[in-house]
Amino acid sequence: MTQIQRPGVRWVTEQSRVTTTELFFDLVFVFAFLQVTTLMTADRGALGIMHGLLVLAALWWLWSLFAWLSNRVRANYGLTRLTLLAVTPVMFALAAITLEAFRGFSGGVVAPVGFVGCYATVRLLYLGLRWYATPGLRGRDIVSLGVPALIAVCLLLSAALLPLGRFGDTATLAGQIALWVLAISVDYGAGMALPAPRRKIFSARHWAERHNLIIILAFGEVLVSIGIAGRYLHASASLLIASALVVVVVGSLNWIYFDLSALAGEHALGTADPHYRVRLARDAYTYLHLPMIAGVILLSLGLKHIPALVENPHSYDHAEPLDSTGRYTMYGGIALFLLAHAGFQWRLGHATRIVAWPRLATAALLLALLPVTARLPALQSLAWLAAVCLLAAVAEFLVSRRQRRRLRQALSEQTGGEPATDDNTDSAGPPPAAGSGC
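Each chain has its residues counted from 1, running along the sequence as written. Residue-level local features of this predicted model are given only where pLDDT is at least 70; pairs of side-chain atoms are given and counted only at 80 or more, and the full residue set underlies all totals for whole chains, interfaces and linings. Only hydrogens and water are set aside when side-chain values are computed; all heavy atoms of the structure are taken into account.

1. Some words on the overall build of the chain
- Looking only at helices and strands, the chain has 14 helices and zero strands in total.
- Of the regular secondary structure in the chain, the N- to C-terminal order runs α-α-α-α-α-α-α-α-α-α-α-α-α-α.
- A separation threshold of at least 6 residues defines the contact pool for the chain, and within that pool the share at least 24 residues apart is 85%. Counting from the N terminus, the helices are the DSSP runs of H or I reaching at least four residues and the strands are the DSSP runs of E reaching at least two. Whether two residues are in contact is decided by their heavy atoms, any of which lying within 4.5 Å being enough.

Here it is as structure tokens:
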């Protein structure tokens, strides 16, 4: 059904690229990822990791909502730009208060309620722009968009207010985690249950590029967090070696993601029919990229347990192995990234499934090395991790040479061998179909 394009919005075309407005919005997530890692560190042990992963899942859903929306209407034009610029400071405030998302430093509920208030404001701004940008939305579509958001906000508010009840600390913490899990399950479950034909990916190139960039920001968070952790340390040999090894680890993961999979994702989306394209975008990107980013965040947490990279290295014996948290989050985080990445590759289709085995083999090797790292000095554990990641990147490069050439040729043919058109043009593009979904 043909729709009227409302003033202040322009449709995304197949050749659209990520805009500077979206990049500015995404910069907030570098800070947000740092805050999640800090939250995991502040609340030590499994509780801190659980809190951090729950906050990360909530933040990722907010980012995904706007990723879907900016793939529908151009983010650098009119009302869409104004809305994203209005959302950005709210998202920054949300990230700033992340450390007190469950309980304020003074034990009160003001900060957690503030977190929920910022979260609700972001959801409200999204819903307002989503409704305005899609004039054909019907009543049931608005309900399917608004009700999960309302339920999630109410559950998070209940979790924020739970410390006011006359419960013990253990019961309060368990109740908060349960309410957060339920709130996140409502959002992710609704995203899975909504009928895929009522959603649409308007630009495969824009969609893939947007997710590529957020992965880069997650990698950048690792480097930034390590740089911040070691800012007061002397330039010792251990610090320089550890820093170089961290760059090798992150660079290897960057190679593994971008050498083939980024090309495969864009090609799979570009050649899929509209209905399958939506399901592919939802499963491979919205859902499977979350555990990838979680794995990178866990890696960052584990690296902060390396004695050469902590602010008080004299409290450690450099010959001692990493503690359990450091070992399991560092090695387990990369294993999680690789397993999710293999799932991403598998979801893209048969053409590239054969090259997923190096990631699976590397993940299995990392998990098998966990007992060994319990006896190795911390810096040696990091060196082994860097070596395994580097070998995995080399193996992927060698295995995927044929597929890589075919994908580059296919993508070149899709674009006619010409650079993509700039998204600042005034072309309105085809009118989008109405419907619910992200």
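2. Regarding the confidence of the model for the chain
- Summary statistics for the chain give a mean pLDDT of 85 and a share of 86% for residues scoring 70 or more.
- Predictor confidence is given residue by residue as pLDDT, running from a minimum of 0 to a maximum of 100. Ignoring residues within four places in sequence, the model shows residues 313-317, a span with pLDDT below 50, making five contacts including any to other chains.
- With pLDDT under 50 throughout, residues 418-436 is counted as low confidence; its partners more than four residues away or in other chains account for 52 contacts.

3. Some thoughts on the packing of helix α11 (residues 324-348) against helix α12 (residues 357-373)
- Orientation is described by axes fitted as lines to C-alpha atoms, over the contacting stretch for helices, and by angles from 0 to 180 degrees between their N-to-C directions. Where α11 meets α12, the axes come as close as 8 Å, and the angle between the chain directions of the two elements is 165°. In this view, α11 runs roughly antiparallel relative to α12, as classed from their interaxial angle. Pair α11 / α12 crosses with left-handed handedness. The residues of α12 that touch α11, namely those facing R327, Y328, Y331, I334, A335, L338, L339, H341, A342 and Q345, are R359, L360, T362, A363, L366, L367, L369, L370 and T373.
- When residue character is reported, Ala, Val, Leu, Ile, Met, Phe, Trp, Tyr, Cys and Pro are called nonpolar, Asp, Glu, Lys and Arg charged, and the others, Gly included, polar. In terms of residue class, the contact of α11 with α12 is made up of 13 nonpolar, four polar and two charged. An angle below 35 degrees is treated as roughly parallel, one above 145 as roughly antiparallel, one from 65 to 115 as roughly perpendicular, and anything else as oblique. Crossing handedness: left-handed means the near helix sits turned counterclockwise from the far one by under a right angle, and right-handed means the same turn made clockwise.

4. A few points about the nonpolar core
- Residues belong to a common nonpolar core when they are buried Ala, Val, Leu, Ile, Met, Phe, Trp, Tyr or Cys residues joined through side-chain atoms within 4.5 Å. Exposure categories follow from relative accessible area, calculated using a 1.4 Å probe and restricted to protein chains: below 20% of the type maximum is buried, above 50% is exposed, and the middle band is partly exposed. In this structure, M91, W180 and L385 are the most contacted members of the largest nonpolar core, which totals 129 residues.
- In this structure M91 touches F25, V28, F29, L59, L62 and V122, once residues within four positions along its chain are discounted.

5. A look at helix α6 (residues 169-193)
- Between its first and last C-alpha, α6 extends 36 Å over 25 residues, near the 36 Å set by a 1.5 Å rise per residue.
- For α6, the set of buried residues is T172, G175, Q176, I177, L179, W180, A183, I184, D187, Y188, A190 and G191.
- Here the buried face of α6 lies against α2 (45-70), α4 (110-133), α5 (139-161), α9 (274-287) and α10 (289-303). In this scheme, a helix's expected span is set at 1.5 Å multiplied by one less than its residue total.

6. Comments concerning the packing of aromatic side chains
- Each pair of aromatic rings taken from Phe, Tyr and Trp, with Trp reduced to its six-membered ring, is defined by centres within 6.5 Å and is described as stacked if the planes are under 30 degrees apart, edge-to-face if over 60, and tilted in the remaining cases. Summed over all chains, the structure comprises 17 aromatic pairs.
- Plain terms: the ring middles of W61 and Y188 are 4.7 Å apart, the flat faces sit at 50° to each other, and that makes the pair tilted. Of this pair, W61 sits in helix α2 while Y188 sits in helix α6, and the two are 127 residues apart along the sequence.
- By relative accessible area, which is 4% here, W61 ends up buried.

7. Thoughts on the packing of helix α3 (residues 78-96) against α4
- Contact geometry for α3 and α4: axes closest at 9 Å, N-to-C directions at 170°. Taken as axis vectors, α3 and α4 run roughly antiparallel relative to one another. You can see that α3 and α4 cross each other, and the crossing is left-handed. Counted together, L79, T80, T83, A86, V87, V90, M91, A93 and L94 of α3 and F115, C118, Y119, T121, V122, L125, L129 and Y132 of α4 form the full contact between these two elements.
- In terms of residue class, the contact of α3 with α4 is made up of 14 nonpolar, three polar and no charged.

8. Section: a nonpolar patch on the surface
- For patch building, the residue pool is restricted to those with more than 30% relative accessible area and no salt bridge; the joining distance is 9 Å between like charges and 5 Å between nonpolar side chains (Val, Leu, Ile, Met, Phe, Trp, Tyr). Reported accessibility uses the Shrake-Rupley method at a 1.4 Å probe radius. Residues are deemed covered only where the shown protein chains occlude them. When a carboxyl oxygen of Asp or Glu lies within 4 Å of a side-chain nitrogen of Lys or Arg, that pair is called a salt bridge. A grouping of V248, W255, L390, V394, F397 and L398 is seen on the molecular surface, where their side chains present a nonpolar patch of about 500 Å² in accessible area.
- Those elements that place two or more of their residues in the nonpolar patch are α8 (237-271) and α13 (378-399).
- By residue number, the principal contributor to the nonpolar patch is α13, which donates four residues.
- When you line up the elements, F397 lands in helix α13.
- Its relative accessible area of 34% is what places F397 among the partly exposed residues.

9. Digging into the environment of R103
- For R103, the location among the structural elements is in the loop between α3 and α4.
- Each C-alpha atom, one on R103 and one on P163, is 7.8 Å from the other, the two residues being 60 residues apart in sequence.
- Contact partners of R103, with chain neighbours within four places excluded, come to G108, P112, P163, D169 and T172.

10. Digging into α12
- The terminal C-alpha atoms of α12 lie 24 Å apart, and with 17 residues this matches the ideal 24 Å at 1.5 Å per residue to within 8%.
- Residues of α12 that are buried include every one of P358, R359, T362, A363, L366, L369, L370 and T373, and no others.
- On its buried face, α12 is in contact with α8, α11 and α13.

11. Considering the pattern of salt bridges
- Under the definition given, this model contains ten salt bridges.
- Among the ionic pairs, E209 bridges to R17, the shortest N-O distance being 3.0 Å. Of this pair, E209 sits in helix α7 (residues 204-229) while R17 is found in the segment before α1 (20-42), placing the two residues 192 residues apart along the sequence.
- You can call E209 buried: its relative accessible area is 19%.
- Among the salt bridges present, the one from E266 reaches R205, with a minimum N-O distance of 3.7 Å. Linking E266 in helix α8 with R205 in helix α7, this pair joins segments that are 61 residues apart in sequence.

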